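So you can see what is in the structure, the chains are spelled out below.
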Amino acid sequence: TLHVWAYRNPGSGTPPVFLGTAAYGAARGDVGAIFGSRFIPSGYTLQVSGLAPGPYLLVVYARSTATGTFNNFRMVSVTG
């Protein structure tokens, strides 16, 4: 499970917005080319609406089914 959060002005005290859980199964031809065609549907997607325009830091938390906890996170800066 991947949970996606949007942080507006990180460090400002503005609370993050939970954008949702990314859906699994999007086509990734690049992954399939490296690991084989059975891995083509290994991407994630999430459609977002309702955020005010401006810069955000998107943070993705991955939940491990082995431990039942949220582990590693990745961040990317975007402007919408």
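Notes on the structure follow. Position numbers for residues start from 1 in each chain and track the written sequence from start to end. Thresholds applied to this predicted model are a pLDDT of at least 70 for local features of residues and 80 or more for the giving and counting of side-chain atom pairs; totals over whole chains, interfaces and linings are not thresholded and use all residues. Side-chain metrics rest on all non-hydrogen atoms present in the structure, leaving aside hydrogens and water.

## So, the pairing of strand β5 (residues 55-63)
Two faces make up the sheet, and in a regular strand the side chains alternate between them. When DSSP finds two or more bridges between a pair of strands, those strands are recorded as paired. Starting at the N terminus, helices and strands are each numbered in turn, a helix being any DSSP run of H or I of at least four residues and a strand any DSSP run of E of at least two. Here strand β1 (residues 2-7) pairs with β5 via six bridges, running antiparallel. Bridge assignment links His-3 to a residue of β5, and that residue is Tyr-61. Pairing analysis gives eight bridges linking β5 to strand β6 (residues 70-79), with the strands arranged antiparallel. The partner of Pro-55 across the bridge, within β6, is Thr-79. In this antiparallel pair of consecutive strands, β5 and β6, the connection spans six residues, and Gly-68 shows a positive phi of 75 degrees.

## Concerning the pattern of salt bridges
By salt bridge we mean one thing: a side-chain nitrogen of Lys or Arg within 4 Å of a carboxyl oxygen of Asp or Glu. For the structure on display, the rule yields one salt bridge. A salt bridge links Arg-28 to Asp-30; the shortest N-O distance between them is 2.6 Å. Relative accessible area serves as the criterion here: at 35%, Arg-28 is assigned to the partly exposed category. Only protein chains enter the accessibility calculation, which uses a 1.4 Å probe; a residue is then buried when its area is under 20% of its type maximum, exposed when over 50%, and partly exposed in between.

## Some remarks on the environment of Val-31
In this structure, Val-31 sits in helix α1 (residues 29-35). Taking the C-alpha atoms as reference, Val-31 lies 8.8 Å from Gly-43; in sequence the two are twelve residues apart.

## What about the sheet that holds β6?
Strands sit in the order β2-β1-β5-β6 across an open sheet of four strands; the sheet is antiparallel. Since the sheet does not close on itself, it has two edges, and those belong to β2 (17-21) and β6, each with one partner. Averaged over all pairs of adjacent strands, the angle between their axes in this sheet comes to 20 degrees, without regard to strand direction. In this analysis, axes come from line fits to C-alpha atoms, helices being fitted only over the stretch in contact, and the angle between any two N-to-C directions falls in the range 0 to 180 degrees.

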